[in-house]
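# Report on the structure
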Amino acid sequence: MSSPSTTYTHEIRLYPLGNFFFGGENYSDSTRKAFYYQTSLDVPQQTSLMGLIRYQLLLQNNLLPIPKSGSNINVVQLIGSESFDPGVRGSQVFGAIQKISPLYLINQNKSHHHFLQTVSKWEDNGLKTHEIPSLTMDSSIRVKTSTGGEVVQEDLSLLKGYSPKLGTSRNWLNTVTGKQVSNDDFYQEVDEQIGIYKTDTLSYRKTDDREGFFKMQYKRLKEGSSFAFFLSLSEYQSCKLESQPMVIFGKERSAFRMEVLPYPDKAPVEEVNLNKLEGGETLCLLSPARVEMEKVQHIAQFILGQEISFRCMKTRVQGGYNYYGNPRKKWKKGTVPNQPTMSGRYNLLDAGSILFLRSGVSSSDIISTLQDLTFETIGYNHYTLLNSSTR
């Protein structure tokens, strides 16, 4: 759910045409060099989805390349004057793009149902909702000695078998049946790729073989699976957005087929009635969320999830320049004014995190805790209540 719920206009489906790679931060701030070993994320970030739509709108409406001189009014009205900036408080304007939804997975072999991210079933780990008030957050393994001198380990952790190092595993929740399926049902194993870059990936300068060595772990969806999200697009000058046989999306020029479908409806599970809270409900984040943890602890007696680090590149619309190269942290005298810069760093509560709500929590408490207009516009900070069939 976002506040308020949105009626979308299009569904975008992305079918990988092979292996793909979604990057996060894969270079060192101190050395300005890329890490030699990189592993793709399972899913693209919401900022990447927004970037894809902004680029396709410009491309399909014949607004690329942006002219060096003259007015950019058509470009700004179509995609806005700047990319997503987490430092802005309040809603950003992205031209004809009003809002995008969180990411889903679709499997054609499962009746085209949409699947959203969640953590593995907590009941499988011995965690029962009614037991939470009597449990503590002690996750250690205590050692006790029996009368016979034998050392016995007693696992007193809240989640049986939980490893802080590995974190929580991801499952996917069927939005129709409420059943969970594992990550393995959508992804297949891919061998690591090893090679040598002859050119530095950040500065585009030649490098020697030792500096250019890399090892990369790509991802691949099983046949019949695709990524999907929903888009709310205004009718500004009847802007054109159509299906494409191939779009380049993600790191390493990953190729996808993009299908654009009309969808004049709300996204699955986003319509949430918070006015009938009885106490003890469970809430699931459909996407990563920027929140203040003190406020979250006020509405939730227990949180099953983890935090992730987030920052993104920021760009502005200006004709005659591209966005390739090493992003700068700050503007420097004499540099191109629209050259990418990095945003500040934020800790987000990850998609799929489960919040066990306290008794007496009101709908206004939930909305004020999870609402962030800046992030909601591009699909972050969305959530839903889980009913008994999805637990």
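Described below are features of the structure shown in this document. (Residues numbered from 1 in each chain as written. Predicted model: local features only at pLDDT ≥ 70, side-chain atom pairs only at ≥ 80, totals over all residues. Heavy atoms only, no water.)

Here we take up the overall build of the chain. Scanning the chain for helices and strands turns up six helices and 22 strands. In the chain, which comprises 391 residues, the proportion classed as buried is 45%. Within the chain, contacts between residues at least 6 apart in sequence are counted, and of these 76% link residues at least 24 apart. Of the accessible surface of the chain, which amounts to about 20,300 Å², a share of 48% is contributed by carbon and sulfur atoms. (Helix = DSSP H or I, 4+ residues; strand = E, 2+ residues; numbered from the N terminus. Buried < 20%, exposed > 50% of the residue type's maximum accessible area, 1.4 Å probe, protein only. Contact = heavy atoms within 4.5 Å. Areas by Shrake-Rupley, 256 points an atom, 1.4 Å probe, with all protein chains shown as cover.)

Let us look at the packing of aromatic side chains. Aromatic ring pairs: the centre-centre distance and the angle between the two ring planes describe each pair. Scanning the model with the defined rule gives 20 aromatic pairs in all. Ring centres 5.9 Å apart and planes at 45° place the aromatic pair Phe302 and Phe356 in the tilted group. Residue Phe302 is located in strand E16 (residues 300-304), and its partner Phe356 is located in strand E21 (residues 354-357); the two are separated by 54 residues in the primary sequence. Residues Phe302 and Phe356 agree in their burial class; the two are buried. (Phe/Tyr/Trp six-rings, centres within 6.5 Å; stacked < 30°, edge-to-face > 60°.)

This part takes up the pattern of salt bridges. Opposite charge on two side chains lets them pair, provided their charged atoms get close. Going through the model one piece at a time under the given rule, you end up with eight salt bridges. The residue Glu252 makes a salt bridge to Lys251 at a minimum N-O spacing of 3.7 Å. The partly exposed category is assigned to Glu252, whose relative accessible area is 32%. A single network of salt bridges, built from pairs that share partners, joins Arg89, Arg290 and Asp372. (Salt bridge = Lys/Arg side-chain N within 4 Å of Asp/Glu carboxyl O.)

Along helix H5 (residues 363-370), the residues that are buried comprise Ser363, Ile366, Thr369 and Leu370. In an axial view of H5, the angular spread of the buried residues amounts to 135°, which keeps them on one side of the axis. (Arc of directions from axis to C-beta.)

Our next topic: the pairing of strand E4 (residues 104-107). Side chains Tyr104 and Ile106 of E4 all project onto a buried face; the interleaved residues Leu105 and Asn107 project onto the opposite face, where all are buried too. For E4 and strand E12 (residues 225-233), the ladder comprises four bridges, and the chain directions are antiparallel. By the bridge assignment, Tyr104 is partnered in E12 with Ala228. With two bridges joining them, E4 and strand E5 (residues 114-119) adopt antiparallel strand pairing. Opposite Leu105, over in E5, you have Phe115 as the bridge partner. (Pairing = 2+ DSSP bridges.)

On to helix H1 (residues 46-60), then. A rise of 1.5 Å per residue sets the reference length of H1, with its 15 residues, at 21 Å; its end C-alpha atoms lie 21 Å apart and thus fit the reference within 8%. Where burial is concerned, most of H1 is hidden: 11 out of the 15 residues are buried. Just beyond H1, the residue with positive phi is Asn62, at close to 55°. (Expected span 1.5 Å × (residues − 1).)

Attention now goes to unusual backbone geometry. Of note, the amide linkage connecting Leu64 to Pro65 takes the cis form, showing an omega dihedral of -5°. The phi dihedral of Asn62 is positive, around 55°, even though this residue is not glycine. With respect to the element layout, Asn62 can be found in the loop between H1 and helix H2 (73-79). Asn62 sits in the exposed class, given a relative accessible area of 69%.

Turning to its location among the elements, Val43 is positioned in the loop between strand E2 (37-39) and H1. Judged by relative accessible area, Val43 falls into the buried class, the value being 11%. The sequence separation of Val43 and Leu105 amounts to 62 residues, and the corresponding C-alpha distance is 9.3 Å. Residues in contact with Val43, not counting those within four places in the same chain, are Phe22, Leu103, Gln117, Trp172, Tyr187 and Phe227.

Here Phe22 is to be found in the loop between strand E1 (10-16) and E2. Overall, Phe22 belongs to the buried group, its relative accessible area being 3%. Along the backbone, Phe22 and Ser48 are 26 residues apart, and their C-alpha atoms lie at a distance of 9.1 Å. When residues no more than four places from it in sequence are discounted, the contact partners of Phe22 are Ser40, Leu41, Asp42, Val43, Pro44, Phe227, Phe249, Gly250 and Phe256.

Purely geometric stuff here, so don't read any function into it on its own.
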